[in-house]
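# A closer look at the structure
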Amino acid sequence: MEKDFTSEQLTRYSRHFILPEIGEDGQRKLLNSKVLLIGSGGLGSPIALYLAAAGVGTLGLVDFDKVDLSNLQRQIIHTNDSIGTPKVDSAEKRIKAMNPDTNVVKYPIKITSENALDLIRDYDLVIDGTDNFPTRYLTSDACVFLNKPNIYGSIFRFDGLATVFKSDEGPCYRCLYPEPPPPGMVPSCAEGGVLGILPGVIGLIQATEAVKLLVGIGRTLVGRLLVYDALQMTFRELKLKKDPSCPVCGTNPTITKLIDYEQFCGLGRGGSDQDNIRDITVEELKHKIDAGEKFVFIDVREPFEYQIAKIEGAKLIPLGTIPESIAELEAFKDTEVIAHCHHGGRSRRALQMLQARGFKKLTNVAGGIDQWSEKIDSRVPRY
Ligand code: ZN
């Protein structure tokens, strides 16, 4: 496996060669390594750029999404010119422009229970740069089954988390989160917002852990959860223990193959039957409006979002003000209440609050104003 460095490589990686902890051996390990990156978004952008610059030989990129203008506030691997193109193509272009040593393998697909093991099998380690619970559980379980390190990061508003799951030495994602949160209870970044710089900080912690694991140096975040607060500018560290009763990595595992993660996270068919809230499509909503049906129509987004885009006829009651608006809505307890937000998560939570107060006919607009803009009225701006 000994291969001589080219003169270009000797110069390119000279600052690594000087570090005794890395040196020629470490750089050779990096060049021979294969890293699978799930997601080429906020976290994936800085991770991919820095790992490519560091000389990681093969980067697998899994992302089925296309670049959108609203991504560019934080997803720094993409550019204005790449809006509308697949993220994996856009990322490959930037990586190749920076370091031709890096072999990019593109997977413009969604990672699923059917393909996860095949995707991950050939890689040395996995970096989780996703933003949804089903994919996190799926990635974690698959990594436990294949005994691959899974470098975890998550971001929300001004807060970030990072750790390394390595099931032979420490906990897995399920040891940390045995149960997924109820659907709609944890807002996504699209709903809750995120400081554009935040994924840079967390992503680079993940990239640092990847390099350490690949070269075999330092003390990793296995068994430690790093908690970052950008507003207070603090890093705290929580000890994480492997849960002996973990259904996947514990002593007597009960889950031994990949499952249906959408269903596990309550997002699959029947997942919303637990409450009386009915989902309707934007087409059904349009039909109801056109037919002149009687209902209370509320928009639970924030005022700034209402200024960007609105559906005519909807009354703005931001999610946080629902409790104080209940008295006002009380008169309509027996009328149908239809709620919408940006994508459908916050409106579901608003309706759950109303349900708890005895409201009966509750309807959620699936996909929110974003779907409305895509399917019904393209004059409504998307954001
Ligand atoms: Zn576990």
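Now for a description of the structure that goes with this document. If you're wondering where the values come from, they're calculated on a predicted model, not measured in any experiment.

## Remarks on helix α12 (residues 282-290)
- Residues of α12 that are buried: Val282, Leu285 and Lys288. The arc that holds every buried residue of α12, seen down its axis, measures 115°, which confines them to one face. Exposed residues lying more than 90 degrees from the buried face of α12 are His287 and Asp290.
- Lining the buried residues of α12 we find β9 (277-280), β10 (296-299), β12 (337-340), β13 (362-365) and α16 (368-376).

## Let's talk about the pairing of β13
- Of the two faces of β13, the one lined by Leu362 and Asn364 and the one lined by Thr363 and Val365 are each fully buried.
- When β12 meets β13, the two strands line up parallel, connected through three bridges. Each bridged residue has a counterpart across the sheet, and for Ala339 the counterpart in β13 is Asn364.
- Read as a crossover between parallel neighbours, the route from β12 over helix α15 (residues 345-356) to β13 is right-handed.

## Considerations on the environment of Asn99
- Mapped onto the elements of the fold, Asn99 is located in the loop between α5 (87-98) and β3 (103-107).
- For Asn99, a relative accessible area of 0% corresponds to the buried category.
- For the pair Asn99 and Leu51, spaced 48 residues apart in the sequence, the C-alpha separation amounts to 9.9 Å.
- Here Asn99 is in contact with Arg12, Tyr13, Ala52, Ala53 and Gly55, once residues within four sequence places are set aside.

## Description of the coordination of the zinc ion
- Each protein donor to the zinc ion is listed here as Cys172 (SG), Cys175 (SG), Cys246 (SG) and Cys249 (SG); together their distances run 2.3 Å.
- Viewed at the metal, the four donor atoms of the zinc ion are separated by angles of 95 to 121°, and the geometry they form is tetrahedral.
- Site description for the zinc ion: donor spacing in sequence, C-x2-C-x70-C-x2-C.
- Given the relative accessible area of 1%, Cys246 is considered buried.
- Residue Cys249 is classed as buried on the basis of its relative accessible area, which comes to 9%.

Rules used throughout
- Residues numbered from 1 in each chain as written.
- Predicted model: local features only at pLDDT ≥ 70, side-chain atom pairs only at ≥ 80, totals over all residues.
- Heavy atoms only, no water.
- Buried < 20%, exposed > 50% of the residue type's maximum accessible area, 1.4 Å probe, protein only.
- Helix = DSSP H or I, 4+ residues; strand = E, 2+ residues; numbered from the N terminus.
- Arc of directions from axis to C-beta.
- Contact = heavy atoms within 4.5 Å.
- Pairing = 2+ DSSP bridges.
- Right-handed = clockwise from strand over helix to strand, strands pointing away.
- Donors = N, O, S within 2.8 Å, 3.2 Å for Na, K, Ca; no water.
- Tetrahedral: all angles 85-135°; square planar, octahedral: opposite > 155°, others 65-115°.

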